[in-house]
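Secondary and tertiary structure notes
Listed here are the chains, written in short residue letters.
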Amino acid sequence: MELVPLGPGFGVEVRGVSLLDVASSAAAYDAVRAAFEEHSILLFRDQTVTDDIQCAYSRAFGPLELTKVASVGTGTFYARITNIGPDGTLVPPTHRQSLTARANQLWHTDSSFKTTAALASVLSARILPNDGGETQFTSTRLAWERLPPAMQDTLRDRVVTHSYANSRGQIDPTMMTAAEHASLPPVRWRMTWRNPANDRRSLYVASHAYAIDGMGDNEAKALLARLIEDATRPEYTYLHQWRAGDVVMWDNRATMHRGRPWPGNQTRSMVRTTISATDADGLADMRPPTPLPRAA
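Residues numbered from 1 in each chain as written. Predicted model: local features only at pLDDT ≥ 70, side-chain atom pairs only at ≥ 80, totals over all residues. Heavy atoms only, no water.

**Considerations on the environment of Val 14**
Mapped onto the secondary structure, Val 14 falls in strand S2 (residues 12-15). By relative accessible area, which is 4% here, Val 14 ends up buried. The sequence separation of Val 14 and Leu 42 amounts to 28 residues, and the corresponding C-alpha distance is 6.4 Å. When neighbours within four sequence positions are excluded, Val 14 is seen to be in contact with Met 1, Glu 2, Leu 3, Leu 42, Leu 43 and Phe 44. (Helix = DSSP H or I, 4+ residues; strand = E, 2+ residues; numbered from the N terminus. Buried < 20%, exposed > 50% of the residue type's maximum accessible area, 1.4 Å probe, protein only. Contact = heavy atoms within 4.5 Å.)

And the structure:
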């Protein structure tokens, strides 16, 4: 197996090993898992991807998350991120699927708004536009390590509230359904996630985050905005330009990402599987004490 660097200090292309190899071989899985823990983002090129292959690969890393209500793929392991409607035509800009694409252009980490956070996401390219539609990544592990020690001491044990309503409300206050509001109440996580595999810590913030225990609303939002801005400076990011057959896996504990726009008259269809974090991935340490969260 060969690893080719991608981003500024994080991310690698994996060569010589396929998704099927990882799903069927303990040795291949162990090698790829070690690369995942070290580099946070893995790119596989020229894959023959089906839903079943993607699922088998993803399941090797842990339990799979069911796609939430009011999404394309609800109740399955597959989140279908597409601007193609059920009738095969492009959806208009005001359609929920288009609004979802816009919301995904905010810096975020998947499933931080859920009661079980995500270890990793696996995204495969099924239909690509001719222009745009890239995915941009940054390392929140390196962002944490760049902070001055005094700032790290201040932030390490802070507790942050995350809500799906916070990010979606930035796009359209009416975007969430009643079922989503009912099933996705705000959740609280510690601000930093320690990886038990290597004892390295990462910031755990994103567009879903909006409040910090012990801080006023304006102070908390200003701090979160500053941390995200500092983490996502262009020189710290990797922009992935998709090709047919690409599959990208990222560590939601240690990265943020965002989609990039593409022309509204071009189709784009991606499939994401999401792997839930477990206590072995550091999840138990992320759970703070139990005061009731505030509404978004």
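Now that the structure is up, let's keep going.
**Some remarks on empty space enclosed by the protein**
Summed over the entire model, instances satisfying the criterion amount to 1 cavity of 30 Å³ or more. Taken as a whole, the largest cavity holds about 200 Å³ of empty space. If you trace the largest cavity, you find 16 residues lining it, with Ile 81, Asn 104, Leu 123, Gly 259 and Arg 268 closest to the centre. A per-element tally of the lining of the largest cavity places strand S14 (residues 255-259) first, with 3 residues. (1 Å grid on protein atoms, 1.4 Å probe; cavity = no way out; pocket = protein on both sides within 12 Å on 5 of 7 lines; lining within 4 Å. Points joined across faces, edges and corners; volume = space filled by probe spheres on them.)

**Re the pairing of S2**
Judged from the 4 bridges that link them, strand S1 (residues 2-5) and S2 form a sheet pairing that is antiparallel. The partner of Pro 5 across the bridge, within S2, is Val 12. As judged from the 2 bridges shared by S2 and strand S3 (residues 41-44), these two strands associate in the parallel manner. In the sheet register, Glu 13 faces S3, and the bridge partner there is Leu 43. (Pairing = 2+ DSSP bridges.)

**Quick look at the packing of aromatic side chains**
Aromatic ring pairs are reported here in terms of the distance separating the ring centres and the angle at which the planes meet. Inspection of every chain in the model, using the stated rule, returns 8 aromatic pairs. Taking 5.0 Å as the distance between ring centres and 65 degrees as the angle between the ring planes, the aromatic pair formed by Tyr 29 and Phe 61 counts as edge-to-face. A residue pair is termed long-range when its members are at least 10 positions apart, and Tyr 29 in helix H2 (residues 26-39) and Phe 61 in the loop between helix H3 (51-59) and strand S4 (79-82) qualify at 32 residues. Here the aromatic rings of Phe 36 and Phe 61 are separated by 6.1 Å at their centres, their planes lie at 65 degrees, and the arrangement is edge-to-face. Of this pair, Phe 36 sits in helix H2 while Phe 61 sits in the loop between H3 and S4, placing them 25 residues apart in sequence. For Phe 61, a relative accessible area of 4% puts it in the buried group. An aromatic cluster is defined as three or more aromatic residues linked by ring pairs; in this entry it consists of Tyr 29, Phe 36, Phe 44, Tyr 57 and Phe 61. (Phe/Tyr/Trp six-rings, centres within 6.5 Å; stacked < 30°, edge-to-face > 60°.)

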